[in-house]
Amino acid sequence: FLTRDKIVKLLHMENIIARRYFYPGCHNMEPYISDTSYRDIELPVTEEKTRTLICLPTGTSIGKEEIEGICEILKDAITNGADISKELRLNHNHKTMKFV
């Protein structure tokens, strides 16, 4: 099983700029975090999103070939998540891993 953070790490190792999205959630930043009137509000969907969403490269600087390459990496990550997760743990100091 690959977490969002492991997938972002894998993408970085493939020189793909990706990042956590909605992290941290705005409810965990000022002015909300220090306002005691918000302390008891539960936001389970927001919390889940702050742990799982990824921001991938977008815009005019990315073309069809790059998008297809990112999709192949993500598809491979889904198919081989356990093996990739193990490799990430074993090779955390290596800069590149090729799975596609």
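Residues numbered from 1 in each chain as written. Predicted model: local features only at pLDDT ≥ 70, side-chain atom pairs only at ≥ 80, totals over all residues. Heavy atoms only, no water.

1. Regarding the environment of H12
Next up, step 1: On the secondary structure map, H12 appears in helix α1 (residues 4-13).
Next up, step 2: A relative accessible area of 42% means that H12 is categorised as partly exposed.
Next up, step 3: Separated by 23 residues in sequence, H12 and D35 have C-alpha atoms that sit 36 Å apart.
Next up, step 4: When residues no more than four places from it in sequence are discounted, the contact partners of H12 are I17 and A18. (Helix = DSSP H or I, 4+ residues; strand = E, 2+ residues; numbered from the N terminus. Buried < 20%, exposed > 50% of the residue type's maximum accessible area, 1.4 Å probe, protein only. Contact = heavy atoms within 4.5 Å.)

2. Some details on unusual backbone geometry
Next up, step 1: In this structure, the amide linkage connecting Y23 to the following residue, P24, adopts the cis form with an omega of -15°.
Next up, step 2: As for its placement among the helices and strands, P24 is situated in the loop between β1 (19-20) and α2 (44-52).
Next up, step 3: Residue P31 is bonded to the preceding E30 through a cis peptide linkage, with omega at 5°.
Next up, step 4: Relative to the helices and strands, P31 resides in the loop between β1 and α2.
Next up, step 5: Positioned with a positive phi, N15 is a non-glycine residue whose angle comes to about 60°.

3. What about the pattern of salt bridges?
A pair can form between side chains of opposite charge whenever their charged atoms are brought close.
Next up, step 1: Using the criterion set out here, one finds four salt bridges in the structure.
Next up, step 2: R4 is the salt-bridge partner of D5, the closest N and O atoms lying 2.6 Å from each other.
Next up, step 3: Judged by its relative accessible area of 41%, D5 falls in the partly exposed class. (Salt bridge = Lys/Arg side-chain N within 4 Å of Asp/Glu carboxyl O.)

4. Side note on a nonpolar patch on the surface
Next up, step 1: A cluster of nonpolar side chains, namely Y32, Y38, I41 and L43, defines an oily patch on the protein surface of about 350 Å² accessible area.
Next up, step 2: With respect to the helices and strands, the residue L43 is situated in the loop between β1 and α2.
Next up, step 3: For L43, a relative accessible area of 32% corresponds to the partly exposed category. (Patch = residues over 30% accessible without salt bridge, like charges linked within 9 Å, V, L, I, M, F, W, Y side chains within 5 Å. Areas by Shrake-Rupley, 256 points an atom, 1.4 Å probe, with all protein chains shown as cover.)

5. Details of the side chain of T50
Next up, step 1: Relative to the assigned elements, T50 resides in helix α2.
Next up, step 2: In terms of polar contacts, T50 uses its side chain to reach the backbone carbonyl oxygen of E47, at 2.7 Å.
Next up, step 3: Non-local contacts of T50, meaning those with residues more than four positions away in its chain, are made with R4, Y21, F22, Y23, P24 and G25. (Polar contact = N/O pair within 3.5 Å; in protein donor to acceptor, adjacent residues only side chain to side chain.)

6. Some points on the confidence of the model for the protein chain
For any part of a model where pLDDT is low, the fine detail of the predicted coordinates should not be relied upon.
Next up, step 1: Looking at the protein chain, the pLDDT average stands at 85 and 90% of residues meet or exceed 70.
Next up, step 2: When mean pLDDT is taken per element in the protein chain, strand β2 (residues 54-55) scores highest with 94 and helix α4 (residues 81-90) scores lowest with 78.
Next up, step 3: Overall, residues 96-100 carries pLDDT values under 50, and its contacts beyond four positions in sequence, including any with other chains, amount to 16 contacts. (pLDDT = per-residue confidence, 0-100.)

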